[in-house]
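Architecture and fold: a report
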Amino acid sequence: MPRPPASTTSASAILPLAAAYNQYIDVARDSAYDAGAEAAQMILRPLFATSFLLADYLATNDYFGAQALVVSSASSKTAYGTALLVYREEKRPRLIGLTSPGNVEFTKGLGCYDDVFAYDAAGGLPNNVKAVYADFSGNAKLRRTIHERFGEILVASIAVGMTDWSEMSQTEQLPGPTPSFFFAPSHLRKAGGWGAGGFVAQFAEAWGKLREGLRGALEIKEERGPEPVERVYRALLEGRDDPRLGHVLSL
């Protein structure tokens, strides 16, 4: 069979998946594994690797000298996993969570944010201290609002993910720092001082903190069949999913 032109070669053939996102772990040798919490582990653990590494990245850089960490999509699992780890640090910035109006009370109830605001209040955030913006939503309008609100006292703007499909990221000139993308595997390589055993031990300890912090805040719902798969997918796509629920779905 003829080889396809370079323009049609798949991205995965050009850029292989990073090992951090493409591996199997033997649960018998996994110190973070708990058979009684397997459903929660399926839902949270792949995302928590990013939370753990981002929290370490921020702490390693002394939060860029900021006194406030502003987190968008604060009710998302990767965001509150990061916030929970930062919140438990002795020396940390003030944690400000931004979320949709319907998720404000849930996000407050997580107990890992000092302040929680709905997105439409972002233009009025207190801006009397240096801040870091951790962008989990990818919403270009919100990012501009944050940059304009803090200006030069926004010391870092870190793009972590994209939960808002309605406002895809745009390349634009913004006040303050140029947004940078956080890629967890790159930080893992740079943080090689842990060593393999050290990383596993640190991650297992952090995972325990997350499970303890979420006790009672997350309900696992297991369903089987194509109907619940489609229903949950559409609810998630349209922003109607309940953040209190973690879904385990099987066909």
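Higher on the page you've got the structure.
The structure reproduced in this document is the subject of the present report. On a predicted model such as this, the values are computed, not experimentally measured, just so you know.

1. Quick word on the pattern of salt bridges
Tallying each qualifying case throughout the model produces 11 salt bridges. A salt bridge links E223 to R231; its shortest N-O distance comes to 2.7 Å. On the basis of relative accessibility, which here comes to 35%, the residue R231 falls in the partly exposed class. Here the salt bridges share partners, and the residues they tie into one network are E223, E227 and R231.

2. Observations regarding the sheet that holds strand 4 (residues 131-135)
Hydrogen bonds along the backbone pair up the strands of a sheet, which may run parallel or antiparallel. Overall, parallel pairing links the six strands, which are arranged 3-2-1-4-5-6 in an open sheet. Either end of the sheet is taken by a strand with one partner, and the two such strands are strand 3 (115-118) and strand 6 (180-181). Note: strand 5 (residues 154-159) against strand 6, two bridges, orientation parallel. Bridge pairing in strand 6 places A159 opposite F181. With respect to the sheet, helix 5 (residues 140-150) is in contact with strand 1 (68-71), strand 2 (94-99), strand 4 and strand 5, its orientation differing from that of strand 4 by roughly 180°.

3. A closer look at the environment of A159
Position of A159 among the secondary structure elements: in strand 5. Beyond its immediate stretch of four places on either side in the chain, A159 contacts D135, S180, F181 and F182.

4. Topic: the side chain of Q41
For Q41, the position within the fold is in helix 2 (residues 38-60). Beyond its immediate sequence surroundings of up to four residues, Q41 is in contact with D30, A32, Y33, D34, P46 and W207.

5. As for the nonpolar core
With 46 residues, the main nonpolar core has L44, F48, L69, V71, Y80, L110 and Y113 as its most contacted residues. Listing elements by their share of this core, those giving two or more residues are helix 2, strand 1, helix 3 (77-87), helix 4 (104-109), strand 3, strand 4, strand 5 and helix 7 (195-213). If near-sequence neighbours (up to four positions away) are discounted, Y113 is found in contact with V71, A74, A79, Y80, A83, Y87, L95, I96, G97 and T107. A68, L125, A131 and F150 belong to the second largest nonpolar core, which has 12 residues in total.

6. Some words on helix 2
Given a rise of 1.5 Å per residue, 23 residues ought to cover 33 Å, and the 31 Å separating the end C-alpha atoms of helix 2 matches this to within 8%. At L44, helix 2 shows its strongest bend, of approximately 45°, with the proline P46 following within four residues. Just past helix 2, the residue D62 takes up positive phi, approximately 50°.

7. Comments concerning the packing of aromatic side chains
Applying the stated criterion to the full structure yields six aromatic pairs. One aromatic cluster is present, formed by F48, F52, F203 and W207 through successive ring pairs.

8. Topic: unusual backbone geometry
Phi angles above zero are rare outside glycine, and F64 is one such case at about 55°. Relative to the helices and strands, F64 resides in the loop between helix 2 and strand 1. The partly exposed category is assigned to F64, whose relative accessible area is 28%. Phi at S73 is positive, roughly 50°, even though this residue is not glycine. Within the secondary structure, S73 sits in the loop between strand 1 and helix 3.

9. Things to note about the pairing of strand 8 (residues 245-250)
Inspection of the sheet shows strand 7 (residues 219-224) paired to strand 8 by six bridges, in the parallel sense. Along strand 8, the bridge assignment pairs I220 with G246.

10. Considerations on helix 5
Here helix 5 has its buried residues at A140, L142, R143, I146, H147 and F150. Buried residues of helix 5, seen end-on, are gathered within an arc of 165° and therefore sit on one face of the element. Facing away from the buried side of helix 5, by more than 90 degrees, are the exposed residues K141 and E148. Its buried side turned inward, helix 5 meets strand 1, strand 2, strand 4 and strand 5. Taking the backbone nitrogen of K141 as reference, a side-chain oxygen 2.9 Å away marks N139 as the first, capping residue of helix 5. Of the residues trailing helix 5, G151 is marked for its positive phi of about 60°.

The rules behind these values
Residues numbered from 1 in each chain as written. Predicted model: local features only at pLDDT ≥ 70, side-chain atom pairs only at ≥ 80, totals over all residues. Heavy atoms only, no water. Salt bridge = Lys/Arg side-chain N within 4 Å of Asp/Glu carboxyl O. Buried < 20%, exposed > 50% of the residue type's maximum accessible area, 1.4 Å probe, protein only. Pairing = 2+ DSSP bridges. Helix = DSSP H or I, 4+ residues; strand = E, 2+ residues; numbered from the N terminus. Contact = heavy atoms within 4.5 Å. Axes fitted to C-alpha atoms, helices over the stretch in contact; angles between N-to-C directions. Core = buried A, V, L, I, M, F, W, Y, C linked by side-chain atoms within 4.5 Å. Expected span 1.5 Å × (residues − 1). Bend = angle between axes of the 7 residues up to and from the residue. Phe/Tyr/Trp six-rings, centres within 6.5 Å; stacked < 30°, edge-to-face > 60°. Arc of directions from axis to C-beta. Polar contact = N/O pair within 3.5 Å; in protein donor to acceptor, adjacent residues only side chain to side chain.

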